[in-house]
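Descriptive structure summary
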Amino acid sequence: MPPETIQHVRVIDSHTAGEPTRVVVDGVPEPAGATMTEKREAFRRDLDWLRSAVVCEPRGHEAMVGALLCKPTRGDCVAGVIFFNNVGVLNGCLHGTMGVAVTLLHMGLVGPGRHQLETPVGVVSISIAEGGAVTVRNIRSYRARKQVAVEVPGHGRVTGDVAWGGNWFFLTDAPAGIAVDFSSLEALTDFAWAVRQALPANGITGDEGGEIDHVEVFGPPGDPAQADSRNFVLCPGKAYDRSPCGTGTSAKLACLHADGRLAPGQPWRQAGILDTVFTGSVEPHPDGGVIPTVTGTAFITMEAVLLIDPAAPFAFGISSPLS
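Below you will find a few notes about this structure. The shown structure was predicted, so the numbers you read here are calculated from the model rather than taken from an experiment.

With that settled, the discussion passes to unusual backbone geometry. The residue after Glu 57, namely Pro 58, is reached through a cis peptide bond having omega 10°. Along the polypeptide, Pro 58 turns up in the loop between helix 2 (48-55) and strand 3 (65-70). Residue Lys 238 is not a glycine yet carries a positive backbone phi of 70°. Exposure remark for Lys 238: the relative accessible area of 34% places this residue in the partly exposed category.

Okay, here's the thing in structure tokens:
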């Protein structure tokens, strides 16, 4: 239930390769739960007012990703984290994990080196270096279905892979006539959103009915000397990812490895729509799929205290019509 008195919520903002993360570090109750998955469900059930107040307008915007620092339920982790955006909670978020890493460093809670974070989808390790560089060793990622065909209104038959990288993705090449380029944002958004809507309409899901809530579209890199590929990623709230998307890069790495195009330890440079780059590699997982490792850079941009006055208009944010 939303609070009845003014709340002072302390946040630290960062951006990872252009994509923002807003970390809530103080001023809110700890979600209940014996695991981070249970804490995420308690957050979804009891603190949705906080989600929308923190990341939605007028304090945030559609591209803002939030992260709530929690007490870990495991002794080998330095913190727990729940990620959320303008329409709900997220499974995983690697750009956000990099933002959390530099936030913990900025707060003096960790030093440079390797640490572990507890997320609702598993434990990830973070290695913090100089200059904002963060390397994340992700959870097991894998391709669930290869070259799935879907009829997309206005675009015809589209084929792509369904893969898990911490979120469910549909990965496909850009159609003829649409360049994966910053100047094509509107066309890319329209195409990816049409694909996103066509997937459930045709009964296409991830494993166990998991909703495919990210669509990743690929094209050639702007500069082959700097990257191997360029992507456009449409996120659940219909905002595009400014970064190359860490969970999306993990899904791509899993597909490349499954196709025999990426050997263990071989680097893959994934550019995003802003031509910022994540560098990834994989190691095989004994249960199939891979463990991806993704490196990017994140930088602190702001410290602030959000004042949430229940008496004010839009105190708890302007909810997205997609939520």
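With that settled, the discussion passes to the layout of surface pockets. By volume, the largest pocket is sized at about 380 Å³. Taken together, 18 residues form the lining of the largest pocket, with Arg 44, Val 89, Glu 211, Asp 213 and Pro 236 sitting closest to its centre. By volume, the second largest pocket amounts to about 280 Å³. Forming the boundary of the second largest pocket are 19 residues, of which Thr 172, Asp 173, Phe 218, Lys 252 and Arg 261 lie nearest the centre. Looking at the lining of the second largest pocket residue by residue, the class counts come to 7 nonpolar, 6 polar and 6 charged.

Taken together, Ile 6, Val 305 and Leu 307 make up a surface patch of nonpolar side chains, about 280 Å² in accessible area. Tracing the backbone through its elements, the reader meets Ile 6 in the segment before strand 1 (7-16).

With 7 of its 8 residues buried, helix 2 lies for the most part within the structure. Buried within helix 2 are the following residues: Trp 49, Leu 50, Arg 51, Ser 52, Ala 53, Val 54 and Val 55. Check the buried side of helix 2 and you find it contacts strand 1, strand 2 (19-26), helix 1 (36-46), strand 3, strand 4 (79-84) and strand 15 (290-308).

Core analysis: the largest hydrophobic core is formed by 64 residues, its most contacted members being Val 100, Val 150, Phe 170, Val 195, Val 217 and Phe 232. Looking at this core element by element, the count peaks at 9 residues for helix 4 (residues 185-201). Setting aside residues up to four positions removed in sequence, Val 100 forms contacts with Val 23, Ala 67, Leu 69, Val 81, Phe 83 and Leu 117. The next biggest cluster of nonpolar side chains, apart from the first, holds 22 residues, and it includes Val 24, Leu 47, Leu 68 and Phe 84.

Attention shifts here to the pairing of strand 10 (residues 168-173). Of all 6 residues that make up strand 10, 5 are buried, and the element is covered over most of its length. Two strands pair when backbone bridges link them, and strand 9 (residues 156-164) and strand 10 are joined in this way by 4 bridges, in the antiparallel orientation. Looking across to strand 10, one finds that Ala 163 is bridged to Phe 169. Counting the residues that bridge the hairpin from strand 9 to strand 10 gives 3 residues, and of these Gly 166 lies at a positive phi of roughly 115°. Relative to strand 11 (residues 214-219), strand 10 is paired through 5 bridges, and the arrangement is parallel. In the strand pairing of strand 11, Leu 171 is matched with Glu 216. Handedness of the crossover joining strand 10 and strand 11 through helix 4: right-handed.

We now examine empty space enclosed by the protein. Under the definition given, this model contains 2 cavities of 30 Å³ or more. Within this model, the largest cavity holds a volume of roughly 180 Å³. Along its surface, the largest cavity is lined by 23 residues, and Glu 19, Val 65, His 214, Cys 235 and Asp 241 are the ones closest to its centre. Looking at the lining of the largest cavity, the elements that each hand over two or more residues are helix 3 (94-106) and helix 5 (246-258). For the lining of the largest cavity, a count of residues per class yields 11 nonpolar, 9 polar and 3 charged. Estimated volume of the second largest cavity: approximately 60 Å³. Looking at the second largest cavity, it is lined by 13 residues, and the ones nearest its centre are Gly 92, Cys 93, Leu 94, Val 124 and Asn 138. Taken together, the residues of the lining of the second largest cavity sort by class into 6 nonpolar, 7 polar and no charged.

Criteria and cut-off values
- Residues numbered from 1 in each chain as written.
- Predicted model: local features only at pLDDT ≥ 70, side-chain atom pairs only at ≥ 80, totals over all residues.
- Heavy atoms only, no water.
- Helix = DSSP H or I, 4+ residues; strand = E, 2+ residues; numbered from the N terminus.
- Buried < 20%, exposed > 50% of the residue type's maximum accessible area, 1.4 Å probe, protein only.
- 1 Å grid on protein atoms, 1.4 Å probe; cavity = no way out; pocket = protein on both sides within 12 Å on 5 of 7 lines; lining within 4 Å.
- Points joined across faces, edges and corners; volume = space filled by probe spheres on them.
- Nonpolar A, V, L, I, M, F, W, Y, C, P; charged D, E, K, R; others polar.
- Patch = residues over 30% accessible without salt bridge, like charges linked within 9 Å, V, L, I, M, F, W, Y side chains within 5 Å.
- Areas by Shrake-Rupley, 256 points an atom, 1.4 Å probe, with all protein chains shown as cover.
- Salt bridge = Lys/Arg side-chain N within 4 Å of Asp/Glu carboxyl O.
- Contact = heavy atoms within 4.5 Å.
- Core = buried A, V, L, I, M, F, W, Y, C linked by side-chain atoms within 4.5 Å.
- Pairing = 2+ DSSP bridges.
- Right-handed = clockwise from strand over helix to strand, strands pointing away.

By themselves, these figures tell us nothing about what the structure is for.
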